Amino acid sequence: MKTYDEIKKIEVVAGSPFYIFNEKEFVNNFDNITKAFGSRYEKFVIGYSFKTNYIPYMCNIIRKKGGFAEVVSRMEYDLALKIGFDPKNIIFNGPMKHYEDIELALDNQSIVNLDCFPEIDHVSKYAAANPDKSIEVGIRVNMNLSDDSGASRVHGDIKIGRFGFSTEESQMVRLLESLPDNVKVISLHGHTTSIDRSTWCYKTIAQTLCDIAVKHWPDTIRYINIGGGIYGYIPPEFRFAETPSFDDYAADVAKVLNNDQWAVKQKPFLVLEPGISMASNALSFITKVISVKAVRGKTFVTVDGSAFNTKPTFHSYNMPHYIIKQADTDQTAVYNVVGSTCMEKDVMLTEVTNKKLERDDYIQFDNVGAYTNVFTPPFINVAPAIVVADGSDYKLIRNRQKAEDVFKDYLFEG
Ligand SMILES: Cc1ncc(COP(=O)(O)O)c(C=O)c1O
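The structure presented is a predicted model; accordingly, all values stated were derived computationally and were not measured.

Draft legend 1. Highlighting unusual backbone geometry. With omega at 5°, the peptide bond leading from Ser 16 into Pro 17 counts as cis. Tracing the sequence through the fold places Pro 17 in the loop between helix H1 (4-14) and strand S1 (18-21). Of note, Asn 367 is a non-glycine position whose phi angle comes to about 65°, a positive value. In this structure, Asn 367 sits in the loop between strand S16 (362-365) and strand S17 (385-390). Phi angles above zero are rare outside glycine, and Tyr 371 is one such case at about 55°. The residue Tyr 371 is located in the loop between S16 and S17 in this model. On the basis of relative accessible area, Tyr 371 is assigned to the partly exposed category, the value being 27%.

Here's what the structure looks like:
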């Protein structure tokens, strides 16, 4: 936790509120995932999920450590190139790839996991334009993730996911018939967001992908990609039942690959696309108290940040937080911390008991690294700065946004 004076010092360069990138946590997550999986299955690759948090400084760490970039749009693909990823180490997923995107990615020999038949049409067009080229693509597989009782483990109430090609026989036959002769399938991708992120789901995904590889592309598949979604560090505030560790996931998935005859012979790369488990605990958010207000028995602490910065999905958990006071006190109070937007639902903390707050005190929110700054448009206020520790000093890795940047692409004349 930072001291009041440290925060004041950062505020001079970053403005308030601001994020702090915790580089050590991010690197630890990468190393711990790599150790868990890599010690059990030799050919293991992390494809870091850019959408979870694509701060270039973070992505560059992944590049330097030999990880791949997992991108889901042309915007993210271009970012990965700009950061300097070897294009062969970019995995291009997502449900919307135009012909020009696929053309560029195939020219670059990136791993393109196709999602739908119109994308196969794009590949066919590319194959016709490049008849002498051996073209390599991947296939996103949409599988039935149901347990022994027949209950779907797909996220939420969705039950049937929408991404990729269904494993149903008729669709697989159509897929096989649609692929031109000079196109080889080298990657199978099975990301499926599940209700419980259990090791069972990852075991099932890995086995299903191996089974499809054996059946349809036994000699060409080089990547078995089980997607992202694994649990990482969970703050005690979330009061979850015990969640699987990186070792638990790795042990179950490696067992599949080390026992599957095809995988033992073919030795495909095992790809994991972690997002939350890499980024969550890698960012903290510091916000300053603007006012403390009593309204009919309820206390509202308004800060210059917003729930849009700490939990844009507006879930009901109170995020882990610390009070940093200008003048420390033993006095406590019960309060609600509310954000600087004009929305009633902009509630960052509900009915917490902590040190009594006053104007110009700070609150540090932890575990805000996943789906936060990338998820939030500049709603009402400009996007905050992001800093990283640089020795005893702090370096800006994103400037505080300027209002003129927000408005620069609008037409102002009537
Ligand atoms: C294809 C793909 N890979 C990886 C991820 C990262 O998932 P998480 O952030 O839950 O680890 C997602 C998230 O939805 C995804 O869609």
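Draft legend 2. Geometry of the domain arrangement of the chain. In terms of domains, the chain is made up of domain 1 (4-20 + 282-407) and domain 2 (40-274). Measuring from the centre of the C-alpha atoms in domain 1 to the corresponding centre in domain 2 gives 36 Å. At the interface, 18 residues of domain 1 touch 13 residues of domain 2. Of the roughly 1,300 Å² buried between domain 1 and domain 2 on both sides combined, carbon and sulfur atoms contribute 67%. Across the domain 1-domain 2 interface, the total number found is three residue pairs in polar contact (both at pLDDT 80 or more). In the side of domain 1 that touches domain 2, the residues fall into eleven nonpolar, six polar and one charged.

Draft legend 3. The packing of helix H8 (residues 199-216) against helix H9 (residues 246-259), seen in detail. Relative orientation of the contacting elements H8 and H9 amounts to 25°, with a least axis distance of 9 Å. Looking at the two axes, H8 sits roughly parallel to H9. Note that H8 runs across H9; the crossing there is right-handed. Residues Thr 199, Tyr 202, Lys 203, Ala 206, Gln 207 and Cys 210 of H8 form the contact with H9, whose participating residues are Asp 248, Tyr 249, Asp 252, Val 253, Val 256 and Leu 257. Classifying every residue of the contact of H8 with H9 by side-chain character gives seven nonpolar, two polar and three charged.

Draft legend 4. Structural context of helix H3 (residues 56-64). Looking at H3, one finds that the buried residues are Met 58, Cys 59, Ile 61 and Ile 62. Projected down its long axis, H3 carries its buried residues within an arc of 150°, all on one side. Following H3 by one or two positions, Gly 66 adopts a phi angle in the positive range, close to 90°.

Draft legend 5. Here's a closer look at the packing of aromatic side chains. Applying the stated criterion across every chain, the model contains 16 aromatic pairs. For the pair Phe 26 and Tyr 48, a centre-to-centre distance of 5.5 Å together with 85° between the ring planes defines the contact as edge-to-face. One end of the pair, Phe 26, is in helix H2 (residues 23-38); the other, Tyr 48, is in strand S2 (residues 44-49), and 22 residues separate them in sequence. Overall, Phe 26 belongs to the buried group, its relative accessible area being 1%. The interplanar angle of 20° and the centroid separation of 5.1 Å between the aromatic rings of Tyr 77 and Phe 92 together place this pair among those described as stacked. You can see Tyr 77 sitting in helix H4 (residues 74-83) and its partner Phe 92 sitting in strand S4 (residues 90-92), a full 15 residues away along the chain. Each member of the pair, Tyr 77 as well as Phe 92, is classed as buried. Positioned above the aromatic ring of Phe 92 is the side chain of Lys 97, whose terminal nitrogen or guanidinium carbon lies 5.9 Å from the ring centre.

Draft legend 6. Representation of the site of the ligand within the structure. The immediate surroundings of the ligand are formed by 15 residues, with Gly 229, Glu 273, Gly 275, Ile 276 and Tyr 371 found nearest. At 3.3 Å from an oxygen atom of the ligand is found a side-chain nitrogen or oxygen belonging to Arg 197. Interatomic distance of 2.6 Å between a side-chain N/O atom of Tyr 371 and an oxygen atom of the ligand. Coverage of the ligand by the protein amounts to 87% of the 390 Å² it exposes when considered alone. When grouped by side-chain class, the residues that make up the shell around the ligand number three nonpolar, seven polar and five charged.

Draft legend 7. Highlighting a nonpolar patch on the surface. A cluster of nonpolar residues, Val 12, Val 13 and Leu 396, forms a patch on the protein surface that exposes about 280 Å² of accessible area. Note on placement: Val 13 falls in helix H1.

Draft legend 8. Expanded view of the pairing of strand S10 (residues 269-272). Sheet topology note: the S2/S10 ladder contains three bridges and is parallel. Pairing of Ile 46 across the sheet is with Leu 272, part of S10. Relative to S10, strand S9 (residues 223-225) runs parallel, the two sharing three bridges. Residue Ile 224 lies in a different strand from S10, and its bridge partner there is Leu 270.

Each value, and the rule that gives it
Residues numbered from 1 in each chain as written. Predicted model: local features only at pLDDT ≥ 70, side-chain atom pairs only at ≥ 80, totals over all residues. Heavy atoms only, no water. Helix = DSSP H or I, 4+ residues; strand = E, 2+ residues; numbered from the N terminus. Buried < 20%, exposed > 50% of the residue type's maximum accessible area, 1.4 Å probe, protein only. Domains from an automatic or database assignment. Contact = heavy atoms within 4.5 Å. Buried area = accessible area lost by both parts, 1.4 Å probe. Polar contact = N/O pair within 3.5 Å; in protein donor to acceptor, adjacent residues only side chain to side chain. Nonpolar A, V, L, I, M, F, W, Y, C, P; charged D, E, K, R; others polar. Axes fitted to C-alpha atoms, helices over the stretch in contact; angles between N-to-C directions. Parallel < 35°, antiparallel > 145°, perpendicular 65-115°, else oblique. Left-handed = near helix turned anticlockwise from the far one by under 90°. Arc of directions from axis to C-beta. Phe/Tyr/Trp six-rings, centres within 6.5 Å; stacked < 30°, edge-to-face > 60°. Lys NZ or Arg CZ within 6 Å of the ring centre and 35° of its normal. Near = heavy atom within 4 Å. Areas by Shrake-Rupley, 256 points an atom, 1.4 Å probe, with all protein chains shown as cover. Patch = residues over 30% accessible without salt bridge, like charges linked within 9 Å, V, L, I, M, F, W, Y side chains within 5 Å. Salt bridge = Lys/Arg side-chain N within 4 Å of Asp/Glu carboxyl O. Pairing = 2+ DSSP bridges.

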